[in-house]
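Observations on the model geometry
In case you want the letters, here they are:
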Amino acid sequence: MRRILRGTAVLFLGAVLAGCPIGPGYQRPRMDVPDAWRAPSPSEDSLRGFYDSLATHRDTAGITRRDSTMPPGDSTLTSRPQPMLADSAANLGWFELLQDTVLQRLVRTAVQDNRDVRAAIATIDEFRAQYGIQRAALFPFVTANASGGTNKVVFAGNAPVAYDVWSATANVSWELDFWGKLRRSTEAARADLIATEESRRAVVLSLVSDVAQAYLELRELDLDLDISRRTLASRRETLRLAQRRFQQGLISELDVRQFEAQVADPAVRVADFERQIALKEDQLSILLGHQPADVPRGATLADVLAPIAIPAAVPSTLLDRRPDVRQAEAQLHAATAPIAAAKAELLPRVMITGEWGSQATRPSGLFKDNTGIYQLLGGISIPIFAGGALTSEIKVARARAEQATNQYQQTFLAALQEAQDAFVSLRTSRDQLVAQQTQVTALRGALSLATRRYDNGISSYLDVLDAQRSLFTAELALAQVQRQELEAAVQLYKALGGGWSPDSSATPR
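Quick look at the packing of helix H7 (residues 181-247) against helix H10 (residues 323-344) now. Viewed as axis vectors pointing N to C, H7 and H10 meet at an angle of 165°, and their least axial separation amounts to 8 Å. Between H7 and H10, the crossing angle belongs to the class labelled roughly antiparallel. Crossing geometry of H7 relative to H10 is assigned as left-handed. The class makeup of the residues in the contact of H7 with H10 is 14 nonpolar, 5 polar and 8 charged.

Next comes the structure, spelled out in structure tokens:
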């Protein structure tokens, strides 16, 4: 019994001595976040007063809507409230940004059924199991063994002796992590698991952004189709009036032919936009994890997103919010820990093995008096010569850590670029939208005047045709600019790591 206690003390002492890890601990590389967004160009800044005046003094009164593709009170003619300075938009939840209940339902479906998300979750399960395997190496490996058999031996020329042997033992094998090799390997596995968690969050963030962007494009195509159909109906009515005037001898056949040609343009656009809508619905269906099918519609293009405020400065929490940056950092951590593990291979390995159980000549005699057996061994293995393999392993680990460091820094710089690009796009698209709305308003007035002058015989049909073409093109451009503004808001929100809270991350222990 005293020997067993002594062996237990040796095991305990080995566990205590195992708390001396070597090698470099992980530290996040220092990355400076700029204090402010990229300043506007001098030319853009000089036009600020002009854009503000357009937004404030747009004249929409007294305009006849003949051939107007927008119904009265259409939300695309009204500027959405857009405060220019505010706290980080990343504090806004995804479903606070997405105001369309149909879009919210589509996003939930995509997060649940999208195959890329499911694959990311399966990858997490794989790395969680790998972490469990690596962590198990820190503990003793215990097995239960049983054996039985018949033996026959000869001693010093005497008559052979036959006997039966039955044994039941518990065996233990334990490598003491004296230099921290196993703990560093476990640390690397844990960092790999965290990296896969962040990879899943990055997939979800990109998926939500892709669904929102595809839905915005679909709603723009719906608006384009509506504009084209309205224009087609308006021009067919103009053609009907022209044909009647021709029959009355008021205009020439050339005028009628010109109006006939004008009808073809929106007719072509209607067919094209119907094709694009079907393709966009197919794309959205795949994002949702479903077979291609019709996609339901919700709010108008202008009402899909809540107004998003431009943050006054680059959020200092960009490092903690962006899942791709956090993933790159976890990968760097996972690449740093093996350096210490590789160094530990140059040092002695300490092993403890033991066995305890019972041995008897028949099964019924096991665990009776005088049948107990045990064995406790301690061993040490010192590397002497490996042809440079061990030092090369250290170099490999350091090179991989250097690669991961540069990859982390590059990921962070790319995150800054995405945030800056989205900020500039959102800022300039708002000015572009105001100018485009002003152009549409002016062209509607021009068409109304040209039509009245033509009806009164003051101007030619060419003025009407030119005004119709210009207004049709401008209204399609207005729908495109509006969609671009909303997409810029989504991209800024994504670039700031929006919709994801670092407090929700589950860290394995």
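That covers the picture; the talk isn't over yet.
Among the nonpolar cores identified, the biggest contains 67 residues, and Val211, Phe259 and Leu305 are the most heavily contacted of them. At the level of secondary structure, the elements contributing two or more residues to this core comprise helix H5 (101-113), H7, helix H8 (253-287), helix H11 (389-455) and helix H12 (461-495). When residues of this core are assigned to their parent elements, the largest contribution, 18 residues, is made by H12. Listed in part, the 11 residues of the second largest apolar core include Met31, Ala335, Ala404 and Leu416.

It is worth spelling out the confidence of the model for the protein chain at this point. On average, residues of the protein chain score 80 in pLDDT, and 79% of them are at 70 or above. Looking over the protein chain, one finds the lowest element-wise mean pLDDT in helix H1 (residues 2-17), namely 49, and the highest in strand S3 (residues 349-360), namely 92. Contacts from residues 59-91, a stretch scored under 50 in pLDDT, to residues over four places away or in other chains number 94 contacts. Segment residues 500-509: pLDDT under 50, and 20 contacts once partners within four positions in sequence are set aside and those in other chains are kept.

Here we come to unusual backbone geometry. Of note in the backbone geometry, phenylalanine 367 takes a positive phi value of approximately 60° without being a glycine. Relative to the elements of secondary structure, phenylalanine 367 occurs in the loop between S3 and strand S4 (372-381). Among the residues examined, phenylalanine 367 registers a relative accessible area of 53% and is labelled exposed. Despite not being glycine, asparagine 370 has its phi angle at roughly 65°, a positive value. Among the structural elements, asparagine 370 can be located in the loop between S3 and S4.

All chains considered together, the criterion is met by 28 salt bridges. In this structure, aspartate 265 and arginine 269 form a salt bridge, with 3.8 Å as the shortest nitrogen-oxygen distance. Taken together, the positions of aspartate 265 and arginine 269, both in helix H8 and 4 residues apart, correspond to about one turn of that helix. The exposure class assigned to aspartate 265 is partly exposed, which follows from its relative accessible area of 31%. Relative accessible area serves as the criterion here: at 30%, arginine 269 is assigned to the partly exposed category. Here the salt bridges do not stand alone but share partners, grouping Glu175, Lys181, Glu345 and Arg349 into one network.

Here strand S2 (residues 161-176) runs beside S3; their pairing, made up of 11 bridges, is antiparallel. If you follow asparagine 171 over to S3, its bridge partner there is glutamate 355. In terms of strand pairing, S3 meets S4 through 10 bridges, oriented antiparallel. Following the sheet pairing, arginine 349 is matched in S4 by serine 381.

Moving on, we come to H11. The end-to-end C-alpha separation of H11 is 93 Å, in line with the 99 Å expected for 67 residues at 1.5 Å each. With its phi angle positive at about 75°, glycine 457 sits one or two positions after the end of H11.

Between H7 and H12, the shortest axis-to-axis distance is 10 Å and the interhelical angle comes to 170°. In this view, H7 runs roughly antiparallel relative to H12, as classed from their interaxial angle. Class assignment for the residues of the contact of H7 with H12 results in 10 nonpolar, 10 polar and 9 charged.

This part is about the environment of alanine 129. Structurally, alanine 129 can be placed in helix H6 (residues 115-136). Each C-alpha atom of the pair alanine 129 and leucine 193 lies 9.1 Å from the other, and the pair is 64 residues apart in sequence.

Now for empty space enclosed by the protein. Under the definition given, this model contains 2 cavities of 30 Å³ or more. The space that makes up the largest cavity amounts to roughly 80 Å³. If you list the elements that add at least two residues to the lining of the largest cavity, you get S2, H7 and S3. Taken together, the residues that form the lining of the largest cavity break down as 8 nonpolar, no polar and 4 charged.

Rules and cut-offs
- Residues numbered from 1 in each chain as written.
- Predicted model: local features only at pLDDT ≥ 70, side-chain atom pairs only at ≥ 80, totals over all residues.
- Heavy atoms only, no water.
- Axes fitted to C-alpha atoms, helices over the stretch in contact; angles between N-to-C directions.
- Helix = DSSP H or I, 4+ residues; strand = E, 2+ residues; numbered from the N terminus.
- Parallel < 35°, antiparallel > 145°, perpendicular 65-115°, else oblique.
- Left-handed = near helix turned anticlockwise from the far one by under 90°.
- Nonpolar A, V, L, I, M, F, W, Y, C, P; charged D, E, K, R; others polar.
- Core = buried A, V, L, I, M, F, W, Y, C linked by side-chain atoms within 4.5 Å.
- Buried < 20%, exposed > 50% of the residue type's maximum accessible area, 1.4 Å probe, protein only.
- pLDDT = per-residue confidence, 0-100.
- Contact = heavy atoms within 4.5 Å.
- Salt bridge = Lys/Arg side-chain N within 4 Å of Asp/Glu carboxyl O.
- Pairing = 2+ DSSP bridges.
- Expected span 1.5 Å × (residues − 1).
- 1 Å grid on protein atoms, 1.4 Å probe; cavity = no way out; pocket = protein on both sides within 12 Å on 5 of 7 lines; lining within 4 Å.
- Points joined across faces, edges and corners; volume = space filled by probe spheres on them.

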